Each structure stands twice: as C-alpha cells, then as structure tokens.
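Fold and contact review
Chain by chain, the residues run as shown.
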Amino acid sequence: METMYYDHGTPAERWERAQLFFDAKDYAGAARVLGKLVEEVPEQTGPRLLLARAYYHSAQLRRAETELRVIVERDPVEQYARLMLGRTLQRQGRDVEAEPHIRLASALTGDFEQL
C-alpha cells in the first residue's frame, strides 16, 4: 500500500510530489518517487538530476555518481551535473577524479578564478 502512494498519479503529478519531498528535505521519499519516474522517462534530464541530488543529500553517493555520469555522458556541457559529479567524487575522497569535472563546470559558467 505504501508503494502505491509513491507510484500513484501521472508522471507530472509524481514529478510535483518528488519536488515537494525534496523541498521538505525528505530525500529518501523524493528518491522513491523519482526512481520509478526516471525508469519511465529515462531521456529527461530534470527527474534524473533531481534523483542524483536526492541521492547526494541522503549520502547515497555511488547512486548519485551513477545518475550524474548518465547525464554528463548524454550532455557533456550540462554544467550543474558536472559540478555535482565533481562534488560527489570529492565527498567520496576521489579528488583527482573530481578536479576535471569541477574545472569544466567553472569554465562553463565563465568562472575562471577556480582554474
């Protein structure tokens, strides 16, 4: 019965529900809604990026990394996904891997001070 609540409604209704969970800092709840939504619309960046953020904020860093890598593979100049991927790798103690993503994210925004 509990699963039905997370899966109930149209994709647009579930997207709104996921955003409400995320805004309320219920990152696990947001991830439950978004996981199914991403399966249904894997080509959409918005739900996948919010899923990655929910994973990041709930310390599910490997899952966040996986989702972010899908995004940057599809769209190499997606600045926020690059930045988040870099931060996710840093949080895992993988600074050397993180650096190119953070540098590229900075370059994409025109913030060359960090470079």
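Refer to the structure printed above.
As the structure is a computational prediction, the values presented were derived from the model and not from experiment.

**Thoughts on helix α5 (residues 61-74)**
- If you check α5, its first and last C-alpha atoms are 20 Å apart, about what 14 residues at 1.5 Å a residue would give, namely 20 Å.
- Listed in full, the buried residues belonging to α5 are Leu 61, Ala 64, Glu 65, Glu 67, Leu 68, Ile 71 and Val 72.

**Remarks on helix α7 (residues 95-109)**
- Between the first and last C-alpha of α7 there are 21 Å, a value that for 15 residues agrees with the 21 Å anticipated at 1.5 Å per step.
- Residues Ala 98, His 101, Ile 102, Ala 105 and Ser 106 constitute the buried set of α7. Taken around the axis of α7, the buried residues stretch over an arc of 140 degrees, which confines them to a single face.
- Where α7 is buried, its residues meet α5 and α6 (79-91).

**Remarks on empty space enclosed by the protein**
- Counted according to the given criterion, the structure contains 1 cavity of 30 Å³ or more.
- When its volume is computed, the largest cavity comes out at roughly 30 Å³.
- Considering the residues around the largest cavity, the lining is formed by Glu 43, Gln 44, Thr 45, Ile 71 and Arg 74.
- Across the lining of the largest cavity, the residue classes tally to 1 nonpolar, 2 polar and 2 charged.

**Some points on the packing of aromatic side chains**
- Under the definition given, this model contains 1 aromatic pair.
- Both rings, one in Phe 22 and one in Tyr 27, keep their centres 5.0 Å apart while their planes meet at 70 degrees; by these two values the pair is edge-to-face. Across the pair, exposure class does not vary: Phe 22 and Tyr 27 are buried alike.
- Above the ring of Tyr 56, the side-chain terminus of Arg 91 is found at 4.7 Å from the ring centroid.

**Considerations on the packing of α6 against α7**
- The contact between α6 and α7 brings their axes to 8 Å, and the two run at 155 degrees. In terms of orientation, α6 lies roughly antiparallel with respect to α7. Considering the relative orientation of α6 and α7, their crossing is left-handed. Residues Gln 79, Arg 82, Leu 83, Leu 85, Gly 86, Arg 87, Leu 89 and Gln 90 of α6 lie in contact with α7, whose contacting residues are Asp 95, Glu 97, Ala 98, His 101, Ile 102, Leu 104, Ala 105, Leu 108 and Thr 109.
- Broken down by class, the residue content of the contact of α6 with α7 amounts to 8 nonpolar, 5 polar and 4 charged.

**Considerations on unusual backbone geometry**
- Of note, the phi angle at Lys 25 is positive, near 65 degrees, even though the residue is not glycine.
- For Lys 25, a relative accessible area of 60% puts it in the exposed group.
- Positive phi outside glycine occurs at Ala 59, with the angle close to 60 degrees.
- Tracing the backbone shows Ala 59 in the loop between α4 (45-57) and α5.

**Quick word on the pattern of salt bridges**
- The full count for this structure, using the stated rule, is 7 salt bridges.
- A salt bridge links Arg 14 to Glu 40, with the shortest nitrogen-to-oxygen separation between them at 2.7 Å. Linking Arg 14 in helix α2 (residues 11-23) with Glu 40 in helix α3 (residues 27-40), this pair joins segments that are 26 residues apart in sequence.
- Its salt-bridge partner being Glu 65, residue Arg 94 comes within 2.7 Å of it at the nearest N-O pair. Of this pair, Arg 94 sits in the loop between α6 and α7 while Glu 65 sits in helix α5, placing them 29 residues apart in sequence.

Calculation rules
Residues numbered from 1 in each chain as written. Predicted model: local features only at pLDDT ≥ 70, side-chain atom pairs only at ≥ 80, totals over all residues. Heavy atoms only, no water. Helix = DSSP H or I, 4+ residues; strand = E, 2+ residues; numbered from the N terminus. Expected span 1.5 Å × (residues − 1). Buried < 20%, exposed > 50% of the residue type's maximum accessible area, 1.4 Å probe, protein only. Arc of directions from axis to C-beta. Contact = heavy atoms within 4.5 Å. 1 Å grid on protein atoms, 1.4 Å probe; cavity = no way out; pocket = protein on both sides within 12 Å on 5 of 7 lines; lining within 4 Å. Points joined across faces, edges and corners; volume = space filled by probe spheres on them. Nonpolar A, V, L, I, M, F, W, Y, C, P; charged D, E, K, R; others polar. Phe/Tyr/Trp six-rings, centres within 6.5 Å; stacked < 30°, edge-to-face > 60°. Lys NZ or Arg CZ within 6 Å of the ring centre and 35° of its normal. Axes fitted to C-alpha atoms, helices over the stretch in contact; angles between N-to-C directions. Parallel < 35°, antiparallel > 145°, perpendicular 65-115°, else oblique. Left-handed = near helix turned anticlockwise from the far one by under 90°. Salt bridge = Lys/Arg side-chain N within 4 Å of Asp/Glu carboxyl O.

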